[in-house]
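Chain residues, written in single-letter form:
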Amino acid sequence: MKKIIALALGLLLCMAALAAGEALVSRSYLEGAFSQALDAAINPRLDASDETLRARLGASMPEREPDAAPASGMWELKEGDILSGYTGMSVTLLGGEVQLKAPGGAVVDVTEGTEVYGGHSLCPDHRYIVAENTAAAFTVTSAAAVLYSEGGGTLTASDGPDYYALARALRTLGLFQGSGSGIGEGFDLHLAPTRGEGLVMFLRILGEEDAALAYTGTHPFTDVPGWLDQYVAWAWAQGYANGVAPGLFGGGQTLSAVEYEEFLLRALGYSRAGVDDYATSLERALNCGALTSGEYVMLREEPFLRAQVAYISYHALDLPVGGGSETLAQRLTAAGALTAEQLAQAKSQIASGRIF
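Being a predicted model, the structure only gives us computed values, none of them experimental.

1. Brief notes about the pairing of strand 8 (residues 127-130)
Only one face of strand 8 is covered, namely the face carrying Tyr-128 and Val-130; the face carrying Arg-127 and Ile-129 is uncovered. Here strand 4 (residues 90-95) pairs with strand 8 via three bridges, running antiparallel. Bridging from a neighbouring strand, Thr-92 pairs with Arg-127 of strand 8. Judged from the three bridges that link them, strand 6 (residues 107-109) and strand 8 form a sheet pairing that is antiparallel. Within strand 8, the residue paired with Val-108 across the bridge is Ile-129.

2. Remarks on the sheet that holds strand 2 (residues 72-78)
Spatial strand order, 2-10-4-8-6-7: six strands in an open sheet with antiparallel pairing. Each having just a single partner strand, strand 2 and strand 7 (114-116) make up the two edges of the open sheet. Across the sheet, the mean angle from the axis of one strand to that of its neighbour is 30 degrees, orientation sign disregarded. For strand 4 and strand 10 (residues 144-150), the ladder comprises five bridges, and the chain directions are antiparallel. Its bridge partner being in strand 10, Val-91 is matched across the sheet by Ser-149.

3. Structural notes on the pattern of salt bridges
Within this structure, the stated rule accounts for 14 salt bridges. For Arg-127, the salt bridge identified is with Glu-150, shortest N-O distance 3.6 Å. In this pair, Arg-127 is assigned in strand 8 and Glu-150 in strand 10, connecting sequence segments 23 residues apart. Relative accessible area serves as the criterion here: at 35%, Arg-127 is assigned to the partly exposed category. Salt-bridge contacts for Glu-262 lead to Arg-266; the nearest nitrogen and oxygen are separated by 3.0 Å.

4. Here we look at the packing of helix 7 (residues 257-267) against helix 10 (residues 306-316)
As a packed pair, helix 7 and helix 10 sit with axes 11 Å apart at the nearest point and diverge in direction by 15 degrees. As summarised for this structure, helix 7 and helix 10 are arranged roughly parallel, according to the angle between their axes. For the pair helix 7 and helix 10, the sense of crossing is right-handed. Residues Tyr-260, Glu-261 and Leu-264 of helix 7 touch helix 10, and the partners they reach there are Val-309, Ile-312, Ser-313 and Ala-316. Here the residues of the contact of helix 7 with helix 10 sort into five nonpolar, one polar and one charged.

5. Brief notes about the confidence of the model for the protein
Chain-level statistics for the protein give a pLDDT mean of 84 and a share of 80% at 70 or above. When the criterion is pLDDT under 50, residues 1-31 qualifies, and its contacts beyond four places in sequence or with other chains add up to 25 contacts. Between residues 56-65, whose pLDDT stays under 50, and residues either more than four places distant or in other chains, the model counts 22 contacts.

6. With respect to the packing of aromatic side chains
Applying the stated criterion across every chain yields a total of nine aromatic pairs. Centre to centre, the rings of Phe-202 and Phe-263 are 4.8 Å apart; their planes meet at 20 degrees, and the pair counts as stacked. With Phe-202 in helix 4 (residues 195-206) and Phe-263 in helix 7, this residue pair connects regions lying 61 residues apart in the sequence. Residues Phe-202 and Phe-263 agree in their burial class; the two are buried. A cation sits over an aromatic face here: Arg-195 above Phe-249, 4.7 Å from the ring centre.

7. Examining unusual backbone geometry
If you check the backbone angles, Asp-125 has positive phi at about 65 degrees while not being a glycine. As for its position among the elements, Asp-125 is in the loop between strand 7 and strand 8.

8. Observations regarding the environment of Ala-233
Tracing the backbone shows Ala-233 in helix 6 (residues 229-238). C-alpha separation for the pair Ala-233 and Phe-221, spaced 12 residues apart in sequence, amounts to 9.1 Å. Those residues in contact with Ala-233 that lie beyond four places of it in its chain are Tyr-215, Gly-217, Thr-218 and His-219.

9. Looking at helix 7
Buried residues dominate helix 7, accounting for nine of its 11 residues. If you check which residues of helix 7 are buried, you get Ala-257, Val-258, Tyr-260, Glu-261, Glu-262, Phe-263, Leu-264, Leu-265 and Ala-267. Looking at the buried side of helix 7, the elements it contacts are helix 4, helix 8 (281-288), helix 9 (293-301), helix 10 and helix 11 (328-334). Among the residues trailing helix 7, Gly-269 stands out with phi positive, at a value near 80 degrees.

10. Quick look at the side chain of Ser-90
By the element assignment, Ser-90 lies in strand 4. According to the relative accessible area criterion, Ser-90 is buried, its value standing at 4%. With residues near it in sequence (within four places) discarded, Ser-90 still touches Arg-127, Tyr-128, Ile-129, Tyr-148, Ser-149 and Glu-150.

Scoring rules and cut-offs
Residues numbered from 1 in each chain as written. Predicted model: local features only at pLDDT ≥ 70, side-chain atom pairs only at ≥ 80, totals over all residues. Heavy atoms only, no water. Buried < 20%, exposed > 50% of the residue type's maximum accessible area, 1.4 Å probe, protein only. Helix = DSSP H or I, 4+ residues; strand = E, 2+ residues; numbered from the N terminus. Pairing = 2+ DSSP bridges. Axes fitted to C-alpha atoms, helices over the stretch in contact; angles between N-to-C directions. Salt bridge = Lys/Arg side-chain N within 4 Å of Asp/Glu carboxyl O. Parallel < 35°, antiparallel > 145°, perpendicular 65-115°, else oblique. Left-handed = near helix turned anticlockwise from the far one by under 90°. Contact = heavy atoms within 4.5 Å. Nonpolar A, V, L, I, M, F, W, Y, C, P; charged D, E, K, R; others polar. pLDDT = per-residue confidence, 0-100. Phe/Tyr/Trp six-rings, centres within 6.5 Å; stacked < 30°, edge-to-face > 60°. Lys NZ or Arg CZ within 6 Å of the ring centre and 35° of its normal.

Take a look at the structure:
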């Protein structure tokens, strides 16, 4: 980078000389003695500028162990993670919510052609470049986010749940699959789930996905897309789910934490359709130990995203079914829906604990 800057400055000087009517200089001279002399004059100033930026960043960033970021790549991040860097680093938000911190400097929103400062929330699909003499930090403020960065930097990880690791573990078990979007392995953890997606997860956790896909019965709803048709027909026949209005299932509507927790309680044998009021699912889950107090607060107060679907679905596997000693994972293993090897591989991917 220093070589490039020095050569660029040299070229500017030569252009200035030409404009003044002076003779042309040879390329060998520019790349040889002239370049070496220019390096000797400019490099100490560039080094000093770098040290100033590092000192500024070190004084303003949290003291957590950072990981080096590659020159470019996609980052699957969780709430509280910080991706930081210096002049020239570029960042594009692909999903989720991220806030900028740039003490004493600015970042250029290239998409809009404007400068932004500390406290600015990044806009999706906008490209940002850290401006001259600036140390910037990009902090994730949603449960999950996906950033694409170029130009190096450091990643400082938070202590919160690793939702992407949980999603990968569930994928190992065949319980959670991506959407094919290509963003964040296709998990789309930054998006809100739909009723249709929640129903599919519910049937997988019950170990009944194969039965649903083999079912040839029908259902009374007129708004069900082809990919969801057999799942809805099976759930309707089993009495697992009802529609949102006469003739309408509402598979594309946003799924709430209350609705999805009700699905999990039914899978665990703590609730029955038509008997328990699903609106109280979070309270009942807390009372029976299916949720911790911290998880209850999270589901009550934070936006419910596919990240939380992965979180509570994974931890539901370790919960006892119907108040007995057999866990949901053990029941699924006994039924042949999972294997002990799959469970061991899934658990090996998880380093973060539950929210208490």
